[in-house]
Amino acid sequence: MKSSFKSLFSFFSESWAELKKVRWPNRKELTNYTLIVLGTIVFVTIYFWVLDIGISAVIEAII
(Lines give C-alpha, C1' and ligand atoms only; values in the text may rest on other atoms or scores of the structure.)
Protein backbone atom coordinates (compact mmCIF):
# COMPACT_ATOMS: atom_id res chain seq x y z
CA MET A 1 0.00 0.00 0.00
CA LYS A 2 2.85 2.38 0.84
CA SER A 3 4.53 1.82 -2.49
CA SER A 4 1.37 2.68 -4.40
CA PHE A 5 1.05 6.00 -2.55
CA LYS A 6 4.76 6.61 -3.08
CA SER A 7 4.48 5.90 -6.80
CA LEU A 8 1.36 8.08 -7.06
CA PHE A 9 3.16 10.95 -5.33
CA SER A 10 6.16 10.38 -7.58
CA PHE A 11 3.95 10.49 -10.66
CA PHE A 12 2.40 13.83 -9.69
CA SER A 13 5.70 15.40 -8.70
CA GLU A 14 7.32 14.31 -11.99
CA SER A 15 4.29 15.58 -13.92
CA TRP A 16 4.54 18.94 -12.18
CA ALA A 17 8.26 19.11 -13.00
CA GLU A 18 7.52 18.43 -16.68
CA LEU A 19 4.82 21.11 -16.74
CA LYS A 20 7.37 23.63 -15.47
CA LYS A 21 9.52 22.87 -18.54
CA VAL A 22 6.71 23.67 -20.98
CA ARG A 23 6.96 26.92 -22.92
CA TRP A 24 3.40 28.24 -22.81
CA PRO A 25 2.23 30.47 -25.72
CA ASN A 26 1.75 34.16 -25.12
CA ARG A 27 -1.51 35.97 -25.89
CA LYS A 28 -0.60 36.82 -29.51
CA GLU A 29 0.49 33.26 -30.32
CA LEU A 30 -2.59 31.81 -28.67
CA THR A 31 -4.83 34.14 -30.69
CA ASN A 32 -3.06 33.17 -33.92
CA TYR A 33 -3.30 29.45 -33.16
CA THR A 34 -6.98 29.80 -32.29
CA LEU A 35 -7.70 31.62 -35.56
CA ILE A 36 -5.82 28.96 -37.53
CA VAL A 37 -7.83 26.19 -35.86
CA LEU A 38 -11.15 27.99 -36.43
CA GLY A 39 -10.23 28.71 -40.06
CA THR A 40 -9.33 25.07 -40.60
CA ILE A 41 -12.62 23.94 -39.07
CA VAL A 42 -14.59 26.29 -41.34
CA PHE A 43 -12.64 25.11 -44.41
CA VAL A 44 -13.11 21.41 -43.64
CA THR A 45 -16.81 21.96 -42.87
CA ILE A 46 -17.40 23.74 -46.18
CA TYR A 47 -15.37 21.09 -48.04
CA PHE A 48 -17.44 18.22 -46.67
CA TRP A 49 -20.69 20.17 -47.19
CA VAL A 50 -19.87 20.70 -50.88
CA LEU A 51 -18.74 17.06 -51.18
CA ASP A 52 -22.01 15.91 -49.60
CA ILE A 53 -24.07 18.05 -51.99
CA GLY A 54 -22.08 16.69 -54.94
CA ILE A 55 -22.48 13.06 -53.93
CA SER A 56 -26.18 13.62 -53.23
CA ALA A 57 -26.63 15.14 -56.70
CA VAL A 58 -24.85 12.18 -58.34
CA ILE A 59 -26.94 9.65 -56.41
CA GLU A 60 -30.11 11.61 -57.20
CA ALA A 61 -29.18 11.56 -60.91
CA ILE A 62 -28.63 7.79 -60.80
CA ILE A 63 -31.92 7.08 -59.03
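The model shown is predicted, which means the values in this text are computed figures rather than measured ones.

A.B. asks: What am I meant to see in the overall build of the chain here?
C.D. replies: The secondary structure content of the chain amounts to two helices and zero strands. Dimensions of the chain, computed from C-alpha atoms along their principal axes, come out at roughly 70 × 40 × 10 Å. Of the roughly 6,300 Å² that the chain leaves accessible, carbon and sulfur atoms contribute 73%. Between the mean site of the 7 positive side-chain charges and the mean site of the 5 negative ones, the chain shows a separation of 22 Å.

A.B. asks: Honestly, the UniProt feature "transmembrane region" (unreviewed entry) in the chain in this entry has me stumped. Any pointers?
C.D. replies: Here, the residues flagged by UniProt with the feature "transmembrane region" (unreviewed entry) are residues 33-59. As annotated, residues 33-59 comprises 100% helix and 0% strand, and the C-alpha atoms at either end are separated by 39 Å.

About the criteria used
Position numbers for residues start from 1 in each chain and track the written sequence from start to end. For a predicted model such as this one, the threshold for reporting local features is a pLDDT of at least 70, and the threshold for listing and counting side-chain atom pairs is 80 or more; totals across whole chains, interfaces and linings nevertheless cover every residue. Side-chain measures here rest on the full set of heavy atoms in the structure, leaving out hydrogens and waters. Helix and strand definitions follow DSSP, with helices as H or I runs of at least four residues and strands as E runs of at least two, each counted in order from the N terminus. The method behind every accessible area is Shrake-Rupley, applied with a 1.4 Å probe, and residues are considered shielded solely by the protein chains displayed. Residues scored as positive are Lys and Arg, those scored as negative are Asp and Glu, and His as well as the terminal groups of each chain are ignored. Lys charges are placed at NZ, Arg charges at CZ, Asp charges at CG and Glu charges at CD. UniProt positions are given in the numbering used here, feature names are shortened, and annotations may be inferred rather than shown by experiment.

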